[in-house]
Structure formats: structure tokens, C-alpha cells
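# Observations on the three-dimensional arrangement
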Amino acid sequence: MADISNFESRTGTVTCSAEEAYHFVTDVRNFEQFIPEGSISNLVTGKESCSFNVGGIGNVSFRLTEKREFSRIVFEGDALSKEDFRLILNIFGDGPTPVNVKVSVEAKLNPMIRMIAQKPLTQFLEMLISEMEKFRGWSDVKA
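Thresholds, definitions, all that
Residues numbered from 1 in each chain as written. Predicted model: local features only at pLDDT ≥ 70, side-chain atom pairs only at ≥ 80, totals over all residues. Heavy atoms only, no water. Helix = DSSP H or I, 4+ residues; strand = E, 2+ residues; numbered from the N terminus. Buried < 20%, exposed > 50% of the residue type's maximum accessible area, 1.4 Å probe, protein only. Contact = heavy atoms within 4.5 Å. Areas by Shrake-Rupley, 256 points an atom, 1.4 Å probe, with all protein chains shown as cover. Lys, Arg positive; Asp, Glu negative; His and termini not counted. Charge placed at Lys NZ, Arg CZ, Asp CG, Glu CD. 1 Å grid on protein atoms, 1.4 Å probe; cavity = no way out; pocket = protein on both sides within 12 Å on 5 of 7 lines; lining within 4 Å. Points joined across faces, edges and corners; volume = space filled by probe spheres on them. Nonpolar A, V, L, I, M, F, W, Y, C, P; charged D, E, K, R; others polar.

Turning next to the overall build of the protein. Within the protein one finds two helices and eight strands. The secondary structure elements of the protein, listed N-terminal to C-terminal, are β-β-α-β-β-β-β-β-β-α. C-alpha extents for the protein along the principal axes are approximately 45 × 25 × 25 Å. By residue count, 38% of the 143 residues in the protein fall in the buried class. Look at the contacts in the protein between residues 6 or more apart in sequence, and 50% of them connect residues 24 or more apart. Accessible area of the protein: about 8000 Å², with a carbon and sulfur share of 51%. The distance from the centre of the 16 positive side-chain charges to the centre of the 20 negative ones in the protein is 3 Å.

Below is the structure:
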């Protein structure tokens, strides 16, 4: 039986306002900025959804499902042909730059898969936060 497993990044600090982070991340096409080159293939993005291939996992897709202005963005997705995870971005701060962000994944995983997935998922979340902290183009939202 699969239980909900939670994985969280550390809290990172980004060089933009909560409003800029919110608008940038709610356009899924901008996610490409945070994914290291060569780590995925067959990336197809739209304003509210994307799909790509990850070696060892196969096709992964997700779509924007919830937006709380300037504070929380939720994407629901599937991997291995099942709707089984949520990617959540929380934004902390309402003033000018900088603001803090935390990314988490909630996934329906049985205990064996959880044990296997824990390290790669945690590494992915840390990489995502690190890339967000280095990023400087927050005001360049795609039109």
C-alpha cells in the first residue's frame, strides 16, 4: 500500500520579490531555467504544463493546479504512468527582495520505492533550490 511521502528542500533565498517569483514560476515554461543541461530529455512545455524524460524513470509530466497569490504554487504530476506526486513551491516574504522559498514533493510511494527514491528526490530538490538562488532573471517572464 502506498502512503504519502514528503520530501523538502532547505529554505533558499532568491534575489527577487515574492510577486516576481510567483509570476515567474506560475509560467511552467520558465522551469527550464532551473534544470541543469543534460539532466532531462524531450522537454515539452506549455504555460501551465510540461513533460520530459528522465533516465531511469521514463516520462514525467506535471501541470499547474493551485495558485495562492505570491505565496504558494502547486503542480500535480505523474511518473511511471500514475498520477502520484505534487510539487509545491512556498514563497515566504511580502516585501522587496530577497524572499525565501522552499520546494517540496508529496508522493504516493510504497515503503520500498520510498527508500529508493529518497536520496534522488532530496538531491533534486536541493539542486532546484540552488539553481533558484543563482538565478538572476526573475523579471523576465515569458510572454
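On to unusual backbone geometry, then. Of note, the phi angle at Asn-42 is positive, near 55°, even though the residue is not glycine. By the element assignment, Asn-42 lies in strand β3 (residues 41-45). Of the residues examined, Asn-42 reaches a relative accessible area of 60% and is grouped as exposed. In the Ramachandran plot, Phe-70 falls in the positive-phi region, its phi being about 65° despite a non-glycine side chain. Within the secondary structure layout, Phe-70 lies in the loop between β5 (58-68) and β6 (72-79). Of the residues examined, Phe-70 reaches a relative accessible area of 26% and is grouped as partly exposed.

Right, let's get into the environment of Glu-69. Looking at where Glu-69 falls in the secondary structure, it is placed in the loop between β5 and β6. For Glu-69, a relative accessible area of 55% corresponds to the exposed category. As a C-alpha pair, Glu-69 and Glu-19 span 50 residues in sequence and 7.8 Å in three-dimensional space.

This part takes up the layout of surface pockets. For the largest pocket, the calculated volume is near 1000 Å³. What lines the largest pocket is a set of 33 residues, and nearest its centre among them are Ile-57, Val-60, Ala-79, Phe-85 and Leu-121. Mapped by element, the contributors of at least two residues to the lining of the largest pocket are β4 (49-54), β5, β7 (82-92), β8 (99-109) and α2 (111-134). When residues in the lining of the largest pocket are grouped by element, the largest group, nine residues, is from α2. When grouped by side-chain class, the residues that make up the lining of the largest pocket number 25 nonpolar, five polar and three charged.

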